[in-house]
Amino acid sequence: MTQRILVTGASGFIGRHALAPLERSGAEVHAVGRTPVEVGANVRWHQLDLLDHDARARLIEDVQPDMLVHFAWMTEHGKFWTSPDNLDWVAATLDMVRRAQECGLSRFVGLGTCFEYARQTGKDCDERKTVTGPDTLYGVAKDGCRRIIEGFASYQSLSWAWGRFFLLYGPGETPTRLVPQVAQRLIAGAPAPIGPGHRPRDFMDSRDAGAATAALALSRVEGPVNIASGRASSVREVAETLGALAGRPDLVKVGAHPDRDEPERIVARVDRLTREVGFTDIRPLEQGLKEALDWWREAAQ
């Protein structure tokens, strides 16, 4: 019998990139989003708001998924850290998992964040060793949701995994985020100011993040899994690489903005992703940034 996979947030920045590899697995893929996107011939599109209780219930009843891959959440740039909508998404997520389990769900894959971890200084985030200790509502909501699902799954014999995204960039990114801001300014020939940008960070292309999530979903790996490059870089390196690629390194103004109170180190260990899941197809940073710059250059024409 063909496996039915329900993918929420399928029109989003990351979710859209999971659809093709899931479709290639031979599964019957059902994609859910508020805004339609181009999908494969064997992907069935459902346009609805998952915060609508009745619509959510009908969706689960109609699809009766064997697997649920849940990208959907409140992600509006600059607001998601403290938005009360995080509570609505916790409730909607738990309701979907319970309803789907009652309809025969056998595997759930949720997507969390590196900001579930406690702040790090000199160590990389390790799923098995690094403690969680979020200091934003967004991080608390994700971590709390994961904890409840872990407990529920243990009593229901439900297979589950929880991908933790680190810092993502890529085509179609919100224009006010780091890479689009710098890229658009460079393309326009305008100064691109940033802060000191010296702290170690782990950047990954959103296309790779979507493909990695699909690989995690199709694997038998359970529990938290970091979805990241495993490579330490920095905001300064990202901006200066974009400047070099654009042929305008002089426009990158390091230190033009004041330093901010941010975690000292946000870098992942990716042993589970690369060895257990078997996903290793991760673009080098320079390649991903070149492709992002090209995308914004084309968008500006």
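Residues numbered from 1 in each chain as written. Predicted model: local features only at pLDDT ≥ 70, side-chain atom pairs only at ≥ 80, totals over all residues. Heavy atoms only, no water.

It is worth spelling out the packing of helix H2 (residues 53–63) against helix H3 (residues 85–102) at this point. Direction vectors running N to C along H2 and H3 enclose 30°, while the axes themselves pass 10 Å from each other. As the angle between them shows, H2 and H3 are arranged roughly parallel. The two elements H2 and H3 cross, and the hand of that crossing is right-handed. Side by side, H2 and H3 meet where His-53, Arg-56, Ala-57 and Ile-60 of the first sit next to Ala-92, Asp-95, Met-96, Arg-99 and Ala-100 of the second. (Axes fitted to C-alpha atoms, helices over the stretch in contact; angles between N-to-C directions. Helix = DSSP H or I, 4+ residues; strand = E, 2+ residues; numbered from the N terminus. Parallel < 35°, antiparallel > 145°, perpendicular 65-115°, else oblique. Left-handed = near helix turned anticlockwise from the far one by under 90°. Contact = heavy atoms within 4.5 Å.)

The element strand E2 (residues 28–33) is extensively covered by neighbouring structure, given that five of its six residues are classed as buried. With four bridges joining them, strand E1 (residues 4–8) and E2 adopt parallel strand pairing. Counterpart to Val-7 in the pairing with E2 is Ala-31. (Buried < 20%, exposed > 50% of the residue type's maximum accessible area, 1.4 Å probe, protein only. Pairing = 2+ DSSP bridges.)

Turning next to H2. Residues Ala-55, Arg-56, Ala-57, Leu-59, Ile-60 and Val-63 constitute the buried set of H2. Its side-chain oxygen at 3.1 Å from the backbone nitrogen of Asp-54, Asp-52 defines the N-terminal cap of H2. A positive backbone phi angle near 45° is found at Gln-64, which sits one or two residues after H2. (Polar contact = N/O pair within 3.5 Å; in protein donor to acceptor, adjacent residues only side chain to side chain.)

Here the focus is the pattern of salt bridges. Applying the stated criterion across every chain yields a total of 32 salt bridges. Lys-79 is paired through a salt bridge with Glu-76; the nearest N and O atoms lie 3.3 Å apart. Residue class for Glu-76 comes out partly exposed when judged on its relative accessible area of 44%. Residue Arg-236 pairs with Glu-240 through a salt bridge whose shortest N-O separation is 2.9 Å. With a gap of four residues between them, Arg-236 and Glu-240 both fall in helix H7 (residues 235–245), about one helical turn apart. Residue class for Arg-236 comes out partly exposed when judged on its relative accessible area of 39%. Judged by relative accessible area, which is 34%, Glu-240 ranks as partly exposed. (Salt bridge = Lys/Arg side-chain N within 4 Å of Asp/Glu carboxyl O.)

Attention shifts here to helix H4 (residues 137–156). The end-to-end C-alpha distance of H4, which contains 20 residues, comes to 28 Å, matching closely the 28 Å that a straight helix rising 1.5 Å per residue would cover. By the burial criterion, the buried members of H4 are Tyr-138, Gly-139, Ala-141, Lys-142, Asp-143, Cys-145, Arg-146, Ile-149 and Ala-153. Looking at the packing, one finds that the buried side of H4 touches H3, strand E5 (107–113) and strand E6 (159–165). Two residues or fewer past H4, Ser-157 is found with a positive phi of approximately 55°. (Expected span 1.5 Å × (residues − 1).)

On to the state of the cysteines. Scanning the entire structure with this criterion turns up zero disulfides. As a non-bridged cysteine, Cys-103 has Cys-145 as the owner of its nearest cysteine sulfur, 19 Å distant. The cysteine Cys-125 is free of any disulfide, with Cys-114 supplying the nearest cysteine sulfur at 6.9 Å. According to the relative accessible area criterion, Cys-125 is buried, its value standing at 4%. (Disulfide = S-S within 2.5 Å.)

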